[in-house]
Amino acid sequence: MDIHRVGVVGAGTMGNGIAHVFARSGYSIVLCDVEQRFLDRALETIGKNLDREVAKARITADDKAKALARIQPVTDRGALSDCDLVIEAATEKFEIKTEIVRDLDRLTRPEIILASNTSSISITRLAALTKRPERVIGMHFFNPVPVMKLVEVIRGLATSQETFAMVRDLAVKLDKSPVEVNDAPGFVSNRVLMPLLNEAMYAVMEGVATPEAVDEVFKLGMAHPMGPLTLADFIGLDVCLDIMQVLQSGLGDAKYRPCPLLIKMVDAGWLGRKSGRGFYRY
Ligand SMILES: NC(=O)c1ccc[n+]([C@@H]2O[C@H](COP(=O)([O-])OP(=O)(O)OC[C@H]3O[C@@H](n4cnc5c(N)ncnc54)[C@H](O)[C@@H]3O)[C@@H](O)[C@H]2O)c1
């Protein structure tokens, strides 16, 4: 099946990036969120990020205008019914994704693929909510989506080879590098990355070092482009906590216990870059 029109549910950090890369590659996008203000913010962000690409001469001003014109922002999910693929990129809560995935299964043509950008939630569980588990898959983009090459393509237990091949080929068409991964809590990326970030938070909480010092150790000693606490602020501390909770409940090992400082910061509304304050102030 040819894919022309792509639905993206959730217009936050990841949803706007996913809409950006598809629109830039010529796909028509239906971008859906619960309130108009989230869509306005997403379009503003996409506009600014496309401006950066124009400034670097990667695309022309005309390409930018055309890409933006391909994005239809909607609050009514019914507008997704004629999409050829829908990618769910809403908040990392199983209850929220459950409601969305069930609704998408009802709304969209039965032959289309439903993909989730979840960082950690089981694709097998999401697939089991639908009448098309063989056409449910994880398409896990990385932040910032227009820049990062990797897409983890996650097979649920029931995902068909045809679905896997279509999504893998689609990622290549978007100029991304797909890597095949099986379904397990946190997949590969967050199974390995998030405990590192969580441990860095414990080091700060226990007074081992300041956030600046922890980040310097990783930049200068391990050649990481940014330190773990800068990265956590960039990802969103609420997203980090949600992922740690999925690792903790899914894998059951005490080593996945979310750092109490992380819990406290999320309770305070210090969510990192997107809220203006996290381990650093923005
Ligand atoms: N932030 C990252 O670095 C990162 C990286 C890879 C994957 N992810 C995953 O991507 C997904 C989105 O994360 P994010 O960082 O963009 O979060 P975010 O908080 O920036 O955005 C989430 C968006 O989903 C919207 N939303 C919530 N419920 C909705 C509903 N019922 N219908 C439509 N929209 C709804 C919210 O209004 C919000 O705009 C999560 O599953 C997350 O785990 C995040």
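Higher on the page you've got the structure.
Residues numbered from 1 in each chain as written. Predicted model: local features only at pLDDT ≥ 70, side-chain atom pairs only at ≥ 80, totals over all residues. Heavy atoms only, no water.

### Re the overall build of the protein
Moving on, step 1. Within the protein one finds 11 helices and eight strands.
Moving on, step 2. Its C-alpha atoms give the protein a radius of gyration of 19 Å, near enough to 19 Å, the size a compact globule of 282 residues would have.
Moving on, step 3. Each of the 282 residues in the protein was classed as buried or not, and the buried ones make up 50%.
Moving on, step 4. For the protein, contacts bridging at least 24 residues in sequence account for 68% of all contacts bridging at least 6.
Moving on, step 5. Carbon and sulfur atoms form 55% of the exposed surface of the protein, whose accessible area is close to 13,100 Å².
Moving on, step 6. Taking the 35 positively charged and 36 negatively charged side chains of the protein as two groups, their mean positions are separated by 2 Å. (Helix = DSSP H or I, 4+ residues; strand = E, 2+ residues; numbered from the N terminus. Rg over C-alpha atoms; globule rule 2.2 N^0.38 Å. Buried < 20%, exposed > 50% of the residue type's maximum accessible area, 1.4 Å probe, protein only. Contact = heavy atoms within 4.5 Å. Areas by Shrake-Rupley, 256 points an atom, 1.4 Å probe, with all protein chains shown as cover. Lys, Arg positive; Asp, Glu negative; His and termini not counted. Charge placed at Lys NZ, Arg CZ, Asp CG, Glu CD.)

### Here's the deal with the nonpolar core
Moving on, step 1. Judged by nonpolar contacts, the single largest core of 36 residues is most densely connected at Val6, Phe22, Ile29, Leu31, Ile87, Met139 and Phe141.
Moving on, step 2. Among the elements that make up this core, the one with the highest residue count is helix H1 (residues 13-24) (six residues).
Moving on, step 3. In contact with Phe22, not counting residues within four places along its chain, are Val6, Tyr27, Ile29, Leu85, Ile87, Met139, Phe141, Leu170 and Leu174.
Moving on, step 4. Met194, Ile235, Leu237 and Val266 belong to the second-largest nonpolar core, a separate cluster that totals 26 residues. (Core = buried A, V, L, I, M, F, W, Y, C linked by side-chain atoms within 4.5 Å.)

### As for the sheet that holds strand E1 (residues 5-9)
Moving on, step 1. Strands sit in the order E3-E2-E1-E4-E5-E6-E7-E8 across an open sheet of eight strands; the sheet is mixed. Unpaired on one side and paired on the other, strand E3 (71-74) and strand E8 (177-182) mark the two borders of the sheet. Going from strand to strand, the sheet's axes swing by 25 degrees on average, the running direction of each strand aside.
Moving on, step 2. As paired strands, strand E4 (residues 85-88) and strand E5 (residues 113-116) are joined by four bridges and run parallel to one another. Considered in E5, the bridge of Val86 is made with Leu114.
Moving on, step 3. Each of strand E2 (28-32) and E3 is contacted by helix H2 (residues 36-55), which is oriented at about 160 degrees to E3, the strand it contacts most.
Moving on, step 4. Along the sheet, helix H4 (residues 94-107) contacts E1, E4 and E5; its crossing angle with E5, the most-contacted strand, is approximately 165 degrees. (Pairing = 2+ DSSP bridges. Axes fitted to C-alpha atoms, helices over the stretch in contact; angles between N-to-C directions.)

### Structural notes on helix H6 (residues 161-173)
The periodicity of an α-helix, 3.6 residues per turn, causes residues three or four positions apart to be oriented the same way.
Moving on, step 1. In a regular helix each residue adds 1.5 Å, so 13 residues correspond to 18 Å; H6 covers 18 Å between its end C-alpha atoms and thus fits that length.
Moving on, step 2. In this structure, the buried residues of H6 make contact with H1, E4, E5, strand E6 (136-141), strand E7 (150-155) and E8.
Moving on, step 3. The positive-phi residue at the C-terminal boundary of H6 is Asp175, with phi of around 70 degrees. (Expected span 1.5 Å × (residues − 1).)

### Notes on the packing of aromatic side chains
Moving on, step 1. Counted by the stated rule, this structure contains two aromatic pairs.
Moving on, step 2. Geometrically, the ring pair formed by Phe22 and Tyr27 is edge-to-face, given 5.4 Å between the ring centres and 80 degrees between the ring planes. Of the two residues examined, Phe22 and Tyr27, each falls in the buried class.
Moving on, step 3. When the centroid spacing of 6.5 Å and the interplanar angle of 70 degrees are considered together, the rings of Phe22 and Phe141 count as edge-to-face. With Phe22 in helix H1 and Phe141 in strand E6, this pair connects stretches of sequence that are 119 residues apart.
Moving on, step 4. Among the residues examined, Phe22 registers a relative accessible area of 0% and is labelled buried.
Moving on, step 5. Overall, the relative accessible area of 1% leaves Phe141 in the buried class.
Moving on, step 6. One aromatic cluster in this structure is built from Phe22, Tyr27 and Phe141.
Moving on, step 7. Sitting over the face of the ring of Phe164, Arg155 holds its NZ or CZ atom 4.2 Å from the ring centroid.
Moving on, step 8. When the ring centre of Trp270 is taken as reference, the NZ or CZ atom of Arg277 above it lies at 3.6 Å. (Phe/Tyr/Trp six-rings, centres within 6.5 Å; stacked < 30°, edge-to-face > 60°. Lys NZ or Arg CZ within 6 Å of the ring centre and 35° of its normal.)

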